[in-house]
Amino acid sequence: MLKRLLMSREALLAGAILLLLAVISTRFPAFVTPQNLGNVFNDTSPLILLAIGQMIVILTKCIDLSVAANLALTGMFVAMLNVAMPGLPVPIIITIAISLGAVLGMVNGILVWKLAIPPIVVTLGTMTIFRGLIFVISDGKWVNSHEIGDGFKAFTRATFLGLPTMSWIAILAVLLFSIVMARTTLGRAFHAAGGNPHAATYAGIDVGRTQFWAFTISGALAGLTGYLWVSRYAVAYVDLAGGFELDVVAACVIGGVAIMGGIGTVMGAMLGALFLGVIKNALPVVDISPFWQLAISGGAIIIAVALNAQANREKGRIILKRAEHAT
Amino acid sequence: MKRRTFTSLVAGLSLGASLLGTSAMAQDNMRIALVVKALGIGFFEAAAEGAEEAATELGNVEIIYTGPTDTTAEGQIEVINSLIAQGVDAIAISANDPDALVPALKRAMQRGITVISWDSGVAEDGRQMHLNPSSNALIGNMIIKLAADHLPDGGEVAVLSASATATNQNIWIEEMTKVMGNYPGINVVSTVYGDDLADKSYREAQGLMQSHPDLDAIIAPTSVGIVAAAQAVADAGKAGEINVTGLGLPSEMAGAIESGASKSFAIWNPIDLGYSATMIAHALATEAATAEPGSEIPMGRMGSVTLDDTNAAAMADPFVYDASNIDQFKSIF
């Protein structure tokens, strides 16, 4: 049991992150102070939230490329809402952000479920549509820091027990979805729908509907992150979080989520996000050329996928043992 | 034979009449059209304000502020055709496309209309001269000067650029490096790249503060970077300690000036630009100056410009914005 736990993918990844931190500390010791590690975790929180949503989508044999555009559209919407109605309290803004994100996710889900269009095509399309919509609603203009209300910006900067709210939200999401994935019917359905769709159908699981809910959860998390993002960086514009969907998919892949579906854990997605987060935060301080930074990030992803492929390679099975002995 | 003489005489007379006609009109009121990329953009509204200022100063000048409703070359061609039909004296245009407008503008010049471009240029064939808001050398000098002005005893500055391959930013940083000798005691300790993404720029600014605890200023010659760096400095509680400066837009930087994370920053002033374009168009249309390489064209309170080999010129240093004037400009652009 203990051996299995130590050899698990999560433990290996946690070990890799510690090793990475050790290497970084030889070049820049201040990086591993608890204060800075807290900052790194806080900075990675949006990636963790999105990676959880993406993991659930990938579990069901789908992919959601529209997360970053969803984040940006929701972020721009709530920012403009805040400018138009400065009195709106933050809890209501957060509720609106989650709802809008969920609705955008449902659009993906409906297209995949009812029209059976391949998810990569659907979300590529909605990604562009969402980005276009941001331009339409904002007229291409920015929402700037002095226009955004103080309450709106203060939420992500408030601290509770030494950690900023954004970190707490990420921790709560990890706990919540760990339970959902392990202990609820829907959670198990996600695994089943991607692991073996035919068997899932025979077991009475509607694969399409399960995929729909996966997209909805991913959308809702993207919407929540949209608010957090704008609150933290105090600016909203069309290209907000441009290209971030690739980081999210990368975090999942590094975290051991099988791109073919069926395999993946919330803990893995979180560790994958943290691995990328540590690299992203360390590269600026260890003074490496920006061109190498890209190569290093890419190299980390390929190594992770290679390890994944090794670990998941199925050994040949003998299906007719008696027949083998007979010959 | 006789008939031919008669026709040429008639032609000569009508030509003379039309010449008389135009010169009479010019004395009456000179009409200068300020054509912008699209109507309803704060930056261009401000330029029109500057053009009106120049018109008042010159007297006898009427400004026609016009442009398409969206930023397309086709829209601008329609506008140009209608201006040719109206027989304006000069067109000063900020182009949506450097090449597509050339035929229409050539036609305008054949009709004796003075054509200049400003802000966003037209290919050489399609205009008599082009007025750049500033030059790479002036910008490079300005961004280091902004940092140095607040560091009389010298100090450490870092550059936060857009992407490592961004042409504009690289040229400006190169120009900045050339004049570093004029600012003794100022050391550029690092150059980092935020890729014009808010999150990456924010993280890079945080990284700069960590790896250089004595940092005094961050220079960001890019509008996304300067805003993100100012936010990172304010969040780290170092506003006032580290000065974020560079190139940004007043509407986007108003919060940073307010929080004290940025003491000042620069960008061209659209009012001055509209003013200078009008002054130059007037000088060329009245033939007080000619558009040829090396010639000097006066532009009122903005001094004068000298044209280079491509008949282009740079107006002035970027305009500096700080707490004293940010409120005036933040609603403009």
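Residues numbered from 1 in each chain as written. Chains lettered and ligands numbered in written order. Predicted model: local features only at pLDDT ≥ 70, side-chain atom pairs only at ≥ 80, totals over all residues.

Describe in detail the overall build of chain B, supporting the description with residues and values.
Helices and strands together make up the secondary structure of chain B, namely 11 helices and 14 strands. Counting only C-alpha atoms, chain B reaches 95 × 35 × 35 Å along its principal axes. Residue pairs in contact within chain B that sit at least 24 positions apart in sequence constitute 70% of those at least 6 positions apart. (Helix = DSSP H or I, 4+ residues; strand = E, 2+ residues; numbered from the N terminus. Contact = placed C-beta atoms within 7 Å.)

Give a description of the nonpolar core that names residues and reports values.
As a rule of thumb, soluble globular proteins bury nonpolar side chains together. Formed by 201 residues in total, the largest nonpolar core has its most connected members in A51 of chain A together with I91 of chain B. The contact partners of A51 of chain A, leaving out residues within four places of it in the chain, are V248, A251, C252, G255, A269, M270, G272 and A273 of chain A. (Core = buried A, V, L, I, M, F, W, Y, C linked by C-beta atoms within 7 Å. Buried ≥ 20, exposed ≤ 12 C-beta atoms within 10 Å, placed from the backbone.)

Explain the domain arrangement of chain B to me, and be specific about the residues and the numbers.
The assigned domain composition of chain B is domain 1 (2-134 + 270-316) and domain 2 (136-267). A C-alpha centroid distance of 37 Å is found between domain 1 of chain B and domain 2 of chain B. (Domains from an automatic or database assignment.)

Before we move on, could you go through the interface of chain A and chain B and cite the residues and values that matter?
Counting from both sides, the interface comprises 21 residues of chain A and, opposite them, 22 residues of chain B. The dominant element in the side of chain A that touches chain B, judged by the number of residues it contributes, is helix α13 (residues 266-286) of chain A, at 4 residues.

So what's going on with the sheet that holds strand β3 (residues 90-93) of chain B? Which residues, and what values?
Residues and elements named next belong to chain B. Reading across from one edge, β2-β1-β3-β4-β5-β13 is the order of the 6 strands in this open sheet, with parallel pairing throughout. Two strands bound the open sheet, and with one partner strand each, they are β2 (61-66) and β13 (312-314). Ignoring strand direction, the axes of neighbouring strands in this sheet form an average angle of 20°. Pairing of strand β1 (residues 30-35) with β2, which is carried by 6 bridges, proceeds in the parallel orientation. Across the sheet, the residue bridging to L34 is Y65, located in β2. (Pairing = 2+ DSSP bridges. Axes fitted to C-alpha atoms, helices over the stretch in contact; angles between N-to-C directions.)

Got a sec to walk through the sheet that holds strand β6 (residues 155-161) of chain B? Specific residues and values, please.
Residue and element names in this part refer to chain B. Taken in spatial order, the 4 strands line up as β7-β6-β8-β9 in an open sheet, and their pairing is parallel. Across the chains shown, the open sheet's two edge strands, defined by having one partner strand only, are β7 (186-193) and β9 (243-246). Averaged over all pairs of adjacent strands, the angle between their axes in this sheet comes to 25°, without regard to strand direction.

Run through the environment of F41 of chain A, naming residues and quoting values.
Along the chain, the position of F41 of chain A falls in helix α3 (residues 34-59). Taking C-alpha positions, F41 of chain A is 18 Å from V249 of chain A, a pair spaced 208 residues apart along the chain.

I'd like a description of the packing of α3 of chain A against α13 of chain A, backed by residues and values.
All names here are of chain A. The contact between α3 and α13 brings their axes to 8 Å, and the two run at 140°. As judged from the angle between their axes, α3 and α13 are oblique. When you trace α3 past α13, the crossing you get is right-handed. Contact residues: V40, D43, T44, L47, I48, A51, I52 and M55 in α3; V266, A269, M270, G272, A273, L274, L276, G277, V278 and N281 in α13. When the residues that make up the contact of α3 with α13 are grouped by side-chain class, the tally is 13 nonpolar, 4 polar and 1 charged. (Parallel < 35°, antiparallel > 145°, perpendicular 65-115°, else oblique. Left-handed = near helix turned anticlockwise from the far one by under 90°. Nonpolar A, V, L, I, M, F, W, Y, C, P; charged D, E, K, R; others polar.)

Give a detailed account of the confidence of the model for chain A, specifying residues and quantitative values.
The share of residues in chain A with pLDDT of 70 or more is 92%, and the mean pLDDT across the chain is 88. Confidence scores differ between elements of chain A, with helix α1 (residues 2-7) of chain A showing the lowest mean pLDDT of 60 and helix α5 (residues 90-114) of chain A the highest of 96. (pLDDT = per-residue confidence, 0-100.)

Break down the confidence of the model for chain B for me, citing the residues and quoting the values.
All names here are of chain B. Across chain B, the average pLDDT comes to 85, with 92% of residues at or above 70. Residue range residues 1-26 is modelled with pLDDT below 50. Its contacts to residues more than four positions away, or to other chains, number 1 contact. The ipTM value of the predicted complex is 0.75, and its pTM value is 0.78.

Can you lay out the packing of helix α4 (residues 67-84) of chain A against helix α11 (residues 207-233) of chain A for me, pointing to particular residues and giving the numbers?
Residues and elements named next belong to chain A. Taken N-terminus to C-terminus, the directions of α4 and α11 make an angle of 50°; their axes are 7 Å apart at the nearest point. It follows that α4 is oblique to α11 by the angle criterion. Along this stretch, α4 crosses α11, giving a crossing that reads as right-handed. Contacts between α4 and α11 pair V67, N70, L71, A72, T74, G75, V78 and A79 from the former with S218, G219, A222, G223, T225, G226, Y227, W229 and V230 from the latter. When its residues are assigned to classes, the contact of α4 with α11 shows 9 nonpolar, 8 polar and no charged.

Residues and numbers for the environment of N281 of chain A, please.
Topologically, N281 of chain A is positioned in helix α13. With 22 C-beta atoms packed within 10 Å, N281 of chain A lands in the buried category. Spatially, the C-alpha atom of N281 of chain A lies 9.9 Å from that of F41 of chain A, the residues being 240 residues apart in sequence. Sequence-distant contacts of N281 of chain A, that is, excluding residues within four places in its chain, are made with V40 and D43 of chain A together with R203 of chain B.

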